[in-house]
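Here's the letter readout for the chains.
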Amino acid sequence: MSYVINNGPRPVAPATRERVLAAIKELGYRPDRVAQAMASRRTDLIGMIVPDARQPFFAEMAHAVEQAAAERGKMVLVGNSDYRTEREIHYLRAFLGMRVSGLILVSQGMSEQAASEIEAWDARVVLLHERPEAIDDVAVVTDDIGGAQLATRHLLEHGHPYVACLGGVPNTPAVGDPVADHVEGWRRAMQEAGRSTEGRLFEAPYNRYDAYQVALKLLAGPDRPPAIFCSTDDQAFGVLRAARELRIDVPTELAVAGFDDVKEAALTDPPLTTVFSDRPAMARAAVDLVLDDAVRVNGSRRERVKQFPSALVVRRSCGCH
């Protein structure tokens, strides 16, 4: 029976398979997943840790991972680190203790302690969206630098003398973090155009609520920028709300672009120009890699970083019609 239920490891004759399946249906048999996990020391679960599933980007990414895992017969457990090391370690220990088939981590600035936990368990790990310095493992990312360059160049092509940038928070990692790469892409595009970046980079949390507060002060000040590139779409939503409250017309008085192309970006007023990252494809790649026996912390790797291209999505917030 086990060869039929598990589709192997040895082949079963078609007639025998049919008889077994008929008996399973008649008896109402259900496999004991706990017993199977104890025997194989692995479950049908994938653990996924994200910074904050309330943010649209991470919510959409987690949903894409869940769909990709279902196609492989796996379920996904999601934990929120809230950008806190202790929460990340809590979920690492919990998921690894459950003998998950693998871990998909969206980790900002992973600590050495968290990296040590992973190595101690010899876990299958894939880094998604970010590449923390503390852990040297397989990663699935988008072209963050290139995408930010596309958005910044596009805003400059509208004739603005410069483009300001909403970056990350003060402790944003300098290497391997998407927001740091977005800032780098903005900086490169500005330098290519011969524009100074001095005093034009502003720290802002990634969510719309805190970004809204930052934007209120920036847009109400004496040096209001003509255009803003936001490192996340959620930040851009906060900027659009602040502009509306201050009666600043977007895009005639202020051009805005974001990064991520979450679904809500098409519904803002005006619709948000942003950078697309192929989350469904990234999620499928991450799931395939984490279920591949070759993907281990101390094992061989066929491809250390799988990068997907970015694409500019032009809507009306930049000034295009």
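The residue count restarts for each chain, going from 1 along the sequence in the order it is written. A pLDDT threshold of at least 70 governs which residues receive local features in this predicted model, and a stricter bar of 80 or more applies before side-chain atom pairs are shown or counted, although totals over entire chains, interfaces and linings include all residues. As a rule here, side-chain values come from all non-hydrogen atoms in the structure, and water together with hydrogens is ignored.

Colleague: What should I look at first to understand the overall build of the chain in this one?
Modeller: Each helix corresponds to a stretch of at least 4 residues labelled H or I by DSSP, and each strand to a stretch of at least 2 residues labelled E; elements are numbered beginning at the N terminus. Secondary structure assignment for the chain yields eleven helices and twelve strands. Burial classes: relative accessible area under 20% of the type maximum marks a residue as buried, over 50% as exposed, and values in between as partly exposed (1.4 Å probe, protein chains only). Out of the 321 residues belonging to the chain, those deemed buried represent 52%. By the convention used here, residues are in contact when the closest approach between their heavy atoms is within 4.5 Å. Taking as baseline every contact in the chain between residues at least 6 positions apart, the subset at least 24 positions apart corresponds to 72%. Entry remark: accessible area of the chain is about 15,600 Å², with carbon and sulfur atoms responsible for 50%. All accessible-area figures derive from a Shrake-Rupley calculation using a 1.4 Å probe, and residue coverage is judged against the displayed protein chains alone.

Colleague: Mind showing me how you'd approach the sheet that holds strand β3 (residues 102-105) here?
Modeller: Hydrogen bonds between backbone groups are what pair the strands of a sheet, and the pairing can be parallel or antiparallel. Between any two strands, pairing holds if DSSP finds at least two bridges. The six strands are arranged β2-β1-β3-β4-β5-β11 in an open sheet whose pairing can be described as parallel. The open sheet is flanked by β2 (75-80) and β11 (305-308), the only strands paired with a single partner. Strand-to-strand twist in this sheet, taken as the mean axis angle between neighbours without regard to direction, amounts to 20°. Summarising the sheet, strand β1 (residues 45-50) and β3 pair through four bridges and their orientation is parallel. Counterpart to M48 in the pairing with β3 is I104. Relative to β1, helix α4 (residues 56-71) is tilted by about 170°, and along the sheet it contacts β1, β2, β3 and β4 (125-128). The axes are straight lines fitted to the C-alpha atoms, using for helices just the contacting stretch, and the angles between their N-to-C directions are given from 0 to 180°.

Colleague: Mind showing me how you'd approach the pattern of salt bridges here?
Modeller: For side chains bearing opposite charge, pairing can occur when the charged atoms are close. Criterion for a salt bridge: a side-chain nitrogen of Lys or Arg within 4 Å of a carboxyl oxygen of Asp or Glu. Tallied over the entire structure, the rule returns 13 salt bridges. Two residues, E184 and R187, come together in a salt bridge whose shortest N-O distance is 3.5 Å. Here R187 and E184 lie together in helix α8 (residues 178-192), a separation of three residues that amounts to about one turn. Judged by relative accessible area, R187 falls into the partly exposed class, the value being 25%. The closest approach of N and O atoms between E245 and R241, which form a salt bridge, is 3.2 Å. Pair noted here: E245 and R241 are both in helix α10 (residues 233-245), with a separation of four residues, about one helical turn.

Colleague: How should the packing of aromatic side chains be read in this particular structure?
Modeller: Pairs of aromatic rings are described using the distance from one ring centre to the other and the angle between the two planes. Side-chain rings of Phe, Tyr and Trp, where Trp is taken by its six-membered ring, are said to pair if the distance between their centres is within 6.5 Å; with planes under 30 degrees apart they count as stacked, over 60 as edge-to-face, and otherwise as tilted. According to the stated counting rule, one finds three aromatic pairs in the structure shown. Ring centres 5.7 Å apart and planes at 40° place the aromatic pair Y83 and Y206 in the tilted group. Of the two residues, Y83 sits in the loop between β2 and α5 (85-97) while Y206 sits in the loop between β7 (201-202) and α9 (208-220), which places them 123 residues apart along the sequence. We classify Y83 as partly exposed; its relative accessible area is 33%. Given a relative accessible area of 8%, Y206 falls into the buried group.

Colleague: What exactly am I supposed to notice about the sheet that holds strand β9 (residues 255-257) here?
Modeller: Ordered by their spatial adjacency, four strands build an open sheet running β7-β6-β8-β9, and the pairing between neighbours is parallel. Either end of the sheet is taken by a strand with one partner, and the two such strands are β7 and β9. Across two bridges, the pairing between strand β6 (residues 164-166) and β7 is parallel. Directly across from C165, in β7, lies its bridge partner L201. Across the sheet, α10 is in contact with β6, β8 (227-230) and β9; its angle to β8 comes to roughly 150°.

Colleague: What should I look at first to understand the nonpolar core in this one?
Modeller: Nonpolar side chains tend to gather and get buried jointly when the protein is soluble and globular. The term nonpolar core refers to a set of buried residues drawn from Ala, Val, Leu, Ile, Met, Phe, Trp, Tyr and Cys, joined through side-chain atoms within 4.5 Å. Counting residues in hydrophobic clusters, the biggest one holds 68 residues, and the most contacted among them are M48, L128 and F229. In this structure L128 touches M48, M61, V65, I104, L105, V106, V140, M282 and A286, once residues within four positions along its chain are discounted.

Any functional reading would require information that these geometric values do not contain.
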